Amino acid sequence: MKNTVRLLQSLFLVAIATATYGQTTDNSLLSHIPTDADQVYHINVGALSSKVNWPSLLTLFKDKGPGKDPKMAKFMGIFTAGIDLQKDIIVSKSNSLEADSLQYTTILLHLTDSAKFIAWVRSSEAHFHLLHLPGKERVGVAPTEGVSWNDHLAVFTIPPKSKTKTPSATPGKTEAAVARSEAATGRRSAAALRGYPTSFFATDAQFKAGLADDADLAVWNKLGSGYAMIKKILEKTPAGGQLNGLNAMMQNSPHSQTLMTLRFEQGKLVFESRKMLSPAENAKLVLFKSTPFSNDLTAQLPSGKLLGMAAIHFNMAGLRDSLQKNADKLAPMLKGKDLKPQDIFDAIKGEFLLLAYARDSAMPGGPGGAKMPLIYGVLSIGDQTAFQKVATALKLNDANAPGIDSTTAADTAHKMHLFYSVQNKIAVIGFSSQQVKNYFLHPGSGSASRLLSDRARATPFSFGIDVQTGADYLSQIMMKGDTLSAKDQQVIAIIRRFDTISLAAGNINDGQIESYFEIKMTDANTNALTTIINIAAGK
């Protein structure tokens, strides 16, 4: 087939259509992952099988039956292609960070009938032909892929993208180049089929355990979450040539792996990430680990419609130790602002909140129109005198200073001002004096538990978005007169299918950094995958 990515998409849909409930990961595929793989994707077909609303999913393809769409006919052919669609699928990428190395993609599949499988491949790829290599492996190649197979396993190998055309289109040197590329791709497929029984993927207990749980999708990265994507983006910028040192450091770190999992659960979608730390990294980061976020800042948030919040907290003792080791570098920076490092340590306790409220009668004040939310920064403070020194250095205006409103109101339209107010060891920062004073004038009886869970309180950084409150707020913004257009009503209806979005990141636990991302659905009794498919199907 000309584009093997379509193969993976088709296999995914057909596999979950035919898989039986309760299947678990078959570790027999792990020893066939190429040893130079730096990204591995595991699709747990068995776990996904019971979570799909098939009537809704088929609605998406109602106008693309086999008789109407040739691509759909090929898709339907996978049902009889001899592929075992009740077992897991593994996709790996090799050398994805190395611009000077050949970058291959490998797809590992279980087979039930190898004869049907190769007949299906022949019918799907016009330039497919057998390649005779030393050994007993059966190998077939085409300009865009190579495949090796035995009675129970198939290995697809996708070579690097090339501008080289097929031999029939360009004779001579191009034909020889295509032949060499096909042979290299065929050899990789054959090697993966033979397997690597002593490789990291076949023997590492942590890796195997990570892929053996009930996650619907697991992704392993050799060089940390997101690094590959960031590197590829930076390579296209003037800074790209300066990445060699960073890349070498990442390559040489034996503890840089990240394992991410995705689960579609009842009423929520959960994404988790665990980055392995070296002993040295763990020793440094654990110093900043703090006790759970206290109730000092969250016990009585103001009345009003809370759209979202972010929380940051860390161990001030750990920060003090770190900064004192670099006091000679820090002191000159603070001297010009008439500050000392000790002023910072005395001023703050290490807990911060960022709040966004919808403007309404309960939360008035602040510059900007009614469509702009009210933003507050809230932090617990230690010594108030020390905090005032820090506030002055940061050019924050005391909202309670005499005449502060009249002296700054005229400038508000031309220059952004920040104001602060302090009560009961809590400092509030906002964009107008009236706004921050109103924070203390409208205490609420509710808590932040809806957006700040116990899990979030235990992590250094977290945020939460109340989607239902956001939908109310968007409705007011989108409203023309007293009504919403039919299109806008549909948008709001879709948004209301979601309840909250939250992230708890940076928890240090057992030599790992753990992060947890969750999207809760309004319907807590329906699996999240079914809800997403229903939304796509317009149900």
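You'll find the structure just up there.
Rules behind the numbers
Residues numbered from 1 in each chain as written. Predicted model: local features only at pLDDT ≥ 70, side-chain atom pairs only at ≥ 80, totals over all residues. Heavy atoms only, no water. Phe/Tyr/Trp six-rings, centres within 6.5 Å; stacked < 30°, edge-to-face > 60°. Helix = DSSP H or I, 4+ residues; strand = E, 2+ residues; numbered from the N terminus. Buried < 20%, exposed > 50% of the residue type's maximum accessible area, 1.4 Å probe, protein only. Lys NZ or Arg CZ within 6 Å of the ring centre and 35° of its normal. Polar contact = N/O pair within 3.5 Å; in protein donor to acceptor, adjacent residues only side chain to side chain. Contact = heavy atoms within 4.5 Å. Arc of directions from axis to C-beta. Core = buried A, V, L, I, M, F, W, Y, C linked by side-chain atoms within 4.5 Å. Salt bridge = Lys/Arg side-chain N within 4 Å of Asp/Glu carboxyl O. Pairing = 2+ DSSP bridges. Axes fitted to C-alpha atoms, helices over the stretch in contact; angles between N-to-C directions. Parallel < 35°, antiparallel > 145°, perpendicular 65-115°, else oblique. Nonpolar A, V, L, I, M, F, W, Y, C, P; charged D, E, K, R; others polar.

Colleague: Residues and numbers for the packing of aromatic side chains, please.
Modeller: Under the defined criterion, the tally for this structure stands at 14 aromatic pairs. Note on Y357 and Y376: the rings are 6.0 Å apart at their centroids and 90° apart in plane angle, and the pair reads as edge-to-face. Of this pair, Y357 sits in strand β12 (residues 348–358) while Y376 sits in strand β13 (residues 374–381); the two residues are 19 residues apart in sequence, bridging distant segments of the chain. Classification of Y357 by relative accessible area gives buried; the value is 1%. Linked through ring pairs, F200, F201, F207 and W220 together constitute an aromatic cluster. Its guanidinium or amino end placed over the ring of Y516, R455 lies 3.7 Å from that ring's centre, counting from NZ or CZ.

Colleague: Residue-level account of the side chain of S421, with values.
Modeller: Along the chain, S421 falls in strand β15 (residues 419–423). There is a polar contact of 3.0 Å between the side chain of S421 and the side chain of N400. Filtering out sequence-adjacent residues up to four positions away, S421 remains in contact with A399, N400, I426, A427, V428, V436 and F440.

Colleague: Give me helix α5 (residues 114–124): which residues, what numbers.
Modeller: Within α5 the residues assigned to the buried category are S114, F117, I118, W120, V121 and S124. With its buried residues spanning 155° around the axis, α5 presents them on a single face. Those residues of α5 that are exposed and aimed more than 90 degrees away from the buried face are A115 and S123. The N-cap of α5, judged by a side-chain oxygen 3.1 Å from the amide nitrogen of A115 a few residues on, is D113.

Colleague: An account of the nonpolar core is requested, with residue identities and associated values reported.
Modeller: Judged by nonpolar contacts, the single largest core of 30 residues is most densely connected at I83, F117, V121 and F156. The dominant element in this core, judged by the number of residues it contributes, is α5, at four residues. Residues A311, L353, I426 and V428 belong to the second largest nonpolar core, which totals 24 residues.

Colleague: Outline the pattern of salt bridges, supporting the account with residue identities and numerical values.
Modeller: Under the counting rule described, the total for this entry stands at ten salt bridges. The closest approach of N and O atoms between D343 and K389, which form a salt bridge, is 3.2 Å. You can see D343 sitting in helix α14 (residues 341–347) and its partner K389 sitting in helix α15 (residues 384–393), a full 46 residues away along the chain. Here R450 makes a salt bridge to D499, at a shortest N to O gap of 2.7 Å. Here D499 lies in strand β18 (residues 498–509) and R450 lies in the loop between α17 (433–441) and α18 (454–457), a separation of 49 residues in the sequence. Relative accessible area serves as the criterion here: at 41%, R450 is assigned to the partly exposed category. By sharing partners, the salt bridges in this structure join D214, R263 and E272 into a single network.

Colleague: So, the pairing of strand β11 (residues 305–313): which residues are in play, and what are the values?
Modeller: β11 sits mainly inside the fold: seven of its nine residues count as buried. Pairing geometry for β11 and β12, over eight bridges, is antiparallel. Directly across from H313, in β12, lies its bridge partner E351. By the bridge criterion, five bridges tie β11 to strand β17 (residues 461–466) in an arrangement that is antiparallel. Within the sheet, the bridge partner assigned to M309 lies in β17 and is G464.

Colleague: Requested: an account of the environment of V467, with residues and values cited.
Modeller: Tracing the sequence through the fold places V467 in helix α19 (residues 467–478). As a C-alpha pair, V467 and K520 span 53 residues in sequence and 9.4 Å in three-dimensional space.

Colleague: Describe the packing of α19 against helix α20 (residues 486–495), listing the residues and the values that go with them.
Modeller: For the pair α19 and α20, interaxial distance at closest approach is 9 Å and the crossing angle is 170°. Classified by the angle their axes make, α19 and α20 are roughly antiparallel. Across the interface between the two elements, V467, Q468, A471, L474, S475 and M478 from α19 touch D488, I492 and I495 from α20. When its residues are assigned to classes, the contact of α19 with α20 shows six nonpolar, two polar and one charged.

Colleague: Lay out the environment of L287 in plain terms, naming residues and giving numbers.
Modeller: Relative to the elements of secondary structure, L287 occurs in the loop between α11 (279–285) and β11. Between the alpha carbons of L287 and M316 there is a distance of 9.3 Å; along the sequence they are 29 residues apart. Once residues lying within four places of it in the same chain are set aside, the contact partners of L287 are N315 and G318.

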